[in-house]
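Secondary and tertiary structure notes
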Amino acid sequence: MRWFLVKNVYESVQPFMNLLGLIGLAPFGNRLSMKPADRCLEMVYVLVYIGLYSYAIYAFLFVANVADFHLSVIIGTIECINLSCQYLTMVFAILFAWTVKGRIVSILHMLHECDLQLSTFGPSIDHRQLHMKVSILAVGIVCSYLLLIAVHLPLIMELVPHVEPSLKEILPSSMFGLCFLLQICQFLFFLLVLKDRYCAVNRAFR
């Protein structure tokens, strides 16, 4: 989507929503009515990503020799507990987003109605600028995470030369970490969305 064609809140938040959708955190759409076929696809979507992350944590905890990555058994145990907590958090986040998907779509609709009403009091909200900020946020998250992986993997292979990570283990684990990171970044995303509305309200009643 070209940024200069963005005209509403649905299109302005689309870059981050697409990123959430690729990671498994967006089992919903911008539509207000859910068809039975859509519900079936969403169920498959949820099950696929839960299965993917289940395989990721299984591969790390039981297939890979995680004892080689830690000098201390205590550190290794803490790392395994941390990953297990992250896994439970992600499964809860996916199921919760699927459960309240109607409310999420309703919130977007409410923001759209708010934008229409605020436009009668003054200059309308610049959705193109918000789209650019959201795009920069999404690209920045992905690029920084890829940079972290690019630095982290060679260090592991250098410190533990007999460990040869395979793509079928690296890819799910990478998505696992990015999914957990995006759960934190969602708060910043909604702050960006709400900030423009509060600024518009302040300008309208100044």
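What you see is a predicted model; the values in this text were computed from it and never measured.

This part takes up the confidence of the model for the protein chain. With 81% of its residues at a pLDDT of 70 or more, the protein chain shows a mean pLDDT of 77. Model confidence for the protein chain, summarised as mean pLDDT per element, is weakest for helix α7 (residues 167-204) at 79 and strongest for helix α2 (residues 14-23) at 86.

In globular proteins that are soluble, nonpolar side chains generally tend to be buried together. Counting 41 residues, the largest nonpolar core has Phe 16, Tyr 53, Phe 176, Leu 182 and Phe 189 as its most contacted members. Elements represented by at least two residues in this core include exactly α1 (9-12), α2, α3 (36-63), α4 (73-99), α5 (101-118), α6 (127-159) and α7. At nine residues, the largest contribution of residues to this core is made by α7. In this structure Phe 176 touches Tyr 53, Ala 56, Ile 57, Leu 83, Gln 86, Tyr 87 and Met 90, once residues within four positions along its chain are discounted.

Let us look at the environment of Ile 50. Structurally, Ile 50 is set in helix α3. Overall, the relative accessible area of 17% leaves Ile 50 in the buried class. Excluding residues within four positions of it along the chain, Ile 50 makes contact with Tyr 87, Val 91, Ile 94 and Leu 95.

For the rest of this paragraph, the subject is the layout of surface pockets. One water molecule sets the probe size; rolling that probe over the atoms shows where empty space is left. Volume-wise, the second largest pocket comes out at about 340 Å³. If you list the elements that add at least two residues to the lining of the second largest pocket, you get α2, α4, α5 and α7. Split into classes, the residues belonging to the lining of the second largest pocket amount to 11 nonpolar, two polar and one charged.

Here the UniProt feature "transmembrane region" (unreviewed entry) sits at residues 12-32, 44-67, 73-100, 134-155 and 175-194. Summarising residues 134-155: 100% helix, 0% strand, and an end-to-end C-alpha distance of 32 Å. Along residues 175-194, the helical share is 100% and the strand share 0%, with 28 Å between the first and last C-alpha atoms.

Turning our eyes to something else, we now look at empty space enclosed by the protein. In the structure shown here, the tally under the stated rule is one cavity of 30 Å³ or more. What the largest cavity holds in volume is close to 40 Å³. Along its surface, the largest cavity is lined by Leu 118, Gly 122, Pro 123, Ala 200, Arg 203 and Ala 204. Broken down by element, the residue count for the lining of the largest cavity peaks at three residues, all from α7. Considering only residue class, the lining of the largest cavity consists of four nonpolar, one polar and one charged.

The rules behind each value
- Residues numbered from 1 in each chain as written.
- Predicted model: local features only at pLDDT ≥ 70, side-chain atom pairs only at ≥ 80, totals over all residues.
- Heavy atoms only, no water.
- pLDDT = per-residue confidence, 0-100.
- Helix = DSSP H or I, 4+ residues; strand = E, 2+ residues; numbered from the N terminus.
- Core = buried A, V, L, I, M, F, W, Y, C linked by side-chain atoms within 4.5 Å.
- Buried < 20%, exposed > 50% of the residue type's maximum accessible area, 1.4 Å probe, protein only.
- Contact = heavy atoms within 4.5 Å.
- 1 Å grid on protein atoms, 1.4 Å probe; cavity = no way out; pocket = protein on both sides within 12 Å on 5 of 7 lines; lining within 4 Å.
- Points joined across faces, edges and corners; volume = space filled by probe spheres on them.
- Nonpolar A, V, L, I, M, F, W, Y, C, P; charged D, E, K, R; others polar.
- UniProt positions renumbered as here; feature names shortened; annotations may be inferred.

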